[in-house]
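# Notes for the structure review
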Amino acid sequence: QSVLTQPPSASGTPGHRVTISCSGSRSNIETNYVYWYRQFPGTTPKLLIYRDDQRPSGVPDRFSGSKSGTAASLAISGLRTEDEADYYCAVWDDSVTGVVFGGGTQLTVL
Amino acid sequence: QVQLAQSGPEVKRPGASVKLSCRTSGYLFNTFYIHWLRQAPGQGPEWMGMIIPTGGHASYAQKFQGRVTMTMDTATNTVYMEVRDLRPKDAGVYYCAREALTTPPLYGMDFWGPGTTVTVSS
């Protein structure tokens, strides 16, 4: 069972917006920065968002991150079929002194 | 270009040890942490620990302390991770990933190796 809770699945239609949530606690999300990764089946994870809401170079502005209290979210606007992937949140957790990941959300674009 | 080249697949018996490597190139070795993570089939990534390239100090996830050792060779810019006393549930893909060396870490794991598949079976 993951320290960070994500819905196991999410879906949306092309062109629309979807939000993926990540629920944690005071020792992780509330206190430290949240990161989001995307992983296509059989490939390595890729960094989408760092420091709660920052996009690495090359990540389109369709992807945005936000945080409030012990919860964070990743929003994807203008959904495309190629956005179908698994999405993971990650954060440093002070109580375990390490990085923890959410269980992942499988996004389907209908 | 940045490369994190990982060693090849491993098949081990329960109770054995495995030493994985991650050879880095294309950037200044001492300017990025190297993290080790693993991913069991159908599961999300699990962080195992990280090593600081300036000095070689490693921090381990509590779950793996005492069973995992991370080391590095600055002559070849290679990081190693040894996992001892392997169990069947240690099977999965093991990744190394880099993160910019800031205190505290701030930039996330921006480049990942291709992964090494470890099979643990009797």
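Structure: above.
Residues numbered from 1 in each chain as written. Chains lettered and ligands numbered in written order. Predicted model: local features only at pLDDT ≥ 70, side-chain atom pairs only at ≥ 80, totals over all residues. Heavy atoms only, no water.

## Thoughts on the overall build of chain A
- Scanning chain A from terminus to terminus reveals zero helices and nine strands.
- Written out in order from the N terminus, the α and β elements of chain A read β-β-β-β-β-β-β-β-β.
- Here the C-alpha radius of gyration of chain A, 13 Å, is about what a compact globule of 110 residues would show, namely 13 Å.
- Dimensions of chain A, computed from the C-alpha atoms along their principal axes, are close to 40 × 25 × 25 Å.
- Burial status across chain A gives 45% buried among its 110 residues. (Helix = DSSP H or I, 4+ residues; strand = E, 2+ residues; numbered from the N terminus. Rg over C-alpha atoms; globule rule 2.2 N^0.38 Å. Buried < 20%, exposed > 50% of the residue type's maximum accessible area, 1.4 Å probe, protein only.)

## Things to note about the overall build of chain B
- When helices and strands are tallied, chain B shows zero helices and eleven strands.
- Overall, the C-alpha framework of chain B stretches about 40 × 30 × 30 Å when taken along its three principal axes.
- A buried classification covers 44% of the 122 residues belonging to chain B.
- A total accessible area of about 5,600 Å² is found for chain B, and carbon and sulfur atoms account for 51% of it.
- Seen as two clouds, the 11 positive and the 8 negative side-chain charges of chain B have centres 5 Å apart. (Areas by Shrake-Rupley, 256 points an atom, 1.4 Å probe, with all protein chains shown as cover. Lys, Arg positive; Asp, Glu negative; His and termini not counted. Charge placed at Lys NZ, Arg CZ, Asp CG, Glu CD.)

## Quick notes on the environment of Ala100(B)
Residues and elements named next belong to chain B.
- Tracing the chain through its elements places Ala100 in strand E9 (residues 92-100).
- Through-space distance from the C-alpha of Ala100 to that of Arg38 is 20 Å; in sequence the pair is 62 residues apart.
- When near neighbours in sequence (up to four residues on either side) are disregarded, Ala100 contacts Thr31, Phe32, Tyr33 and Tyr107. (Contact = heavy atoms within 4.5 Å.)

## What to know about the state of the cysteines
- Taken as a whole, this structure holds two disulfides over all chains when the rule is applied.
- Paired by a disulfide, Cys22(A) and Cys89(A) hold their sulfur atoms 2.0 Å apart. Taking the sign of the S-S torsion, about 75° here, the bridge from Cys22(A) to Cys89(A) comes out right-handed. Here Cys89(A) lies in strand E7 (residues 85-93) and Cys22(A) lies in strand E2 (residues 18-23), a separation of 67 residues in the sequence.
- Overall, the relative accessible area of 0% leaves Cys89(A) in the buried class.
- The partner cysteine of Cys22(B) in its disulfide is Cys96(B), sulfur to sulfur 2.1 Å. (Disulfide = S-S within 2.5 Å.)

## Brief notes about the interface of chain B and chain A
- Contacts between the two partners involve 20 residues from chain B and, on the opposite side, 18 residues from chain A.
- Looking at the side of chain B facing chain A, the largest losses of area belong to Trp47(B), Leu106(B) and Trp112(B), adding up to 33% of the total buried there.
- Across the chain B-chain A interface, the total number found is zero salt bridges.
- Linking chain B with chain A are six residue pairs in polar contact (both at pLDDT 80 or more), by the criterion used here.
- Of all the secondary structure elements, the ones that give two or more residues to the side of chain B that touches chain A are strand E4 (32-39), strand E5 (46-51), E9 and strand E10 (109-112) of chain B.
- With three residues, E10(B) is the single largest residue contributor to the side of chain B that touches chain A.
- Residues belonging to the side of chain B that touches chain A are distributed by class as follows: twelve nonpolar, six polar and two charged. (Buried area = accessible area lost by both parts, 1.4 Å probe. Salt bridge = Lys/Arg side-chain N within 4 Å of Asp/Glu carboxyl O. Polar contact = N/O pair within 3.5 Å; in protein donor to acceptor, adjacent residues only side chain to side chain. Nonpolar A, V, L, I, M, F, W, Y, C, P; charged D, E, K, R; others polar.)

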